[in-house]
Amino acid sequence: MRILLVCLGNICRSPTAEGVLRHLLASEAPQLKVEIDSAGTGNYHAGEPPDQRTRRAAMRRGIDLSSLRARQVVPADFARFDLILAMDHDNLRALEAQKPKASKARLGLFLDYAEHAGSREVPDPYCGDAGDFERVLDLVTLASRGLIADLKKSA
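In this section: unusual backbone geometry. Its identity is not glycine, yet N10 carries a phi of approximately 60°, on the positive side. Structurally, the position occupied by N10 is in the loop between β1 (2-7) and α1 (13-28). With relative accessibility at 2%, the residue N10 sits in the buried group. Positive phi, normally seen in glycine, also occurs at H116, with a value near 65°. Position of H116 relative to the elements: it lies in the loop between β4 (106-109) and α5 (130-154). Overall, the relative accessible area of 75% leaves H116 in the exposed class.

Structure (structure tokens):
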């Protein structure tokens, strides 16, 4: 299974989701063979590491995002990945518009895997404070656990 996590700039939400999902897969479901990556629908920060506030918040929970680098979604992603999950409806619409007709990749919202999240979108913390970055971590942890449970059922 190959999963791509997508937000706008790939420096806050989607790298957080990538790091949390990798961390939880390694600690709670090492038997699952899953490839994880993240990207942005925009090319604003290509090659840059995740936002410093994102890295700090994740590190407080033992998740190191320092090796990640932002990149933009490319057409080949729709052939490479089985599941492409957006952080919000705007990015999902952008992915739907970009998806080639022949692609078999399934598109959806990451928080559709998060029961009791109270939202279907991961809010963008970029213009917020430290609490907003913690909220993103909480939400992507819920969604990651839900996705892992779903993957376990399918395995």
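A word on the nonpolar core. In terms of nonpolar packing, the biggest core is built from 37 residues, with I3, L5, L85, F110 and L147 touching the most fellow members. Elements that contribute at least two residues to this core include exactly β1, α1, α2 (52-60), β3 (83-86) and α5. Here the element with the most residues in this core is α5; it accounts for 9 residues. Leave out the neighbours within four places in its chain, and L85 touches I3, L4, L5, V6, G108, L109, F110, Y113 and L147. Core analysis: the second largest hydrophobic core is formed by 12 residues, L4, V73, L92 and L109 among them.

In this fold, N91 is placed in helix α4 (residues 89-98). Sequence-wise, N91 and L8 are 83 residues apart; in three dimensions their C-alpha atoms are separated by 6.5 Å. Other than its neighbours up to four places away in sequence, N91 contacts C7, L8, R13, T41 and A86.

This brings us to the pairing of strand β2 (residues 35-40). For β2, a buried count of 5 out of 6 residues is recorded, marking the element as mostly surrounded by other parts of the structure. The sheet contact formed by β1 and β2 spans 6 bridges and is parallel. Looking at the pairing, R2 lines up with E35 of β2. At this point the chain moves from β1, through α1, to the parallel β2, and the crossover so formed is right-handed.

The periodicity of an α-helix, 3.6 residues per turn, causes residues three or four positions apart to be oriented the same way. Given a rise of 1.5 Å per residue, 25 residues ought to cover 36 Å, and the 36 Å separating the end C-alpha atoms of α5 matches this to within 8%. Of the residues making up α5, those classed as buried are F133, V136, L137, L139, V140, T141, A143, S144, L147, I148 and L151. At the N-terminal boundary of α5, the capping side chain belongs to D129, with an oxygen 3.0 Å from the backbone nitrogen of G131.

Going through the model one piece at a time under the given rule, you end up with 15 salt bridges. With a closest N to O distance of 2.9 Å, D77 and R71 form a salt bridge. Residue D77 is classed as buried on the basis of its relative accessible area of 3%.

Parameters at a glance
Once a new chain begins, its residue numbering starts again from 1 and follows that chain's sequence as written. Note on the predicted model: pLDDT of at least 70 is required for a residue's local features to be given, and 80 or more for side-chain atom pairs to be given and counted; whole-chain, interface and lining totals, by contrast, use all residues. To obtain the side-chain values, all non-hydrogen atoms of the structure were used and water was disregarded. Segments assigned H or I by DSSP are reported as helices when at least four residues long, segments assigned E as strands when at least two residues long, and all are numbered from the N terminus. Think of it in three bands: with a 1.4 Å probe and only protein chains considered, a residue is buried below 20% of the maximum accessible area for its type, exposed above 50%, and partly exposed in between. Note on terminology: a nonpolar core comprises buried Ala, Val, Leu, Ile, Met, Phe, Trp, Tyr and Cys residues joined through side-chain atoms within 4.5 Å. Throughout, a residue-residue contact means that at least one pair of heavy atoms, one from each residue, lies within 4.5 Å. A pair of strands is labelled paired if DSSP reports no fewer than 2 bridges between them. Place the viewer so that the strands point away; then a crossover is right-handed whenever the path from the first strand over the helix to the second strand goes clockwise. Expected span of a helix: the number of residues minus one, times 1.5 Å. What qualifies as a polar contact is a pair of N or O atoms within 3.5 Å, subject to a donor-acceptor requirement within protein and to the restriction that residues adjacent in sequence count only when both atoms come from side chains. Only one rule defines a salt bridge in this text: a Lys or Arg side-chain nitrogen within 4 Å of an Asp or Glu carboxyl oxygen.

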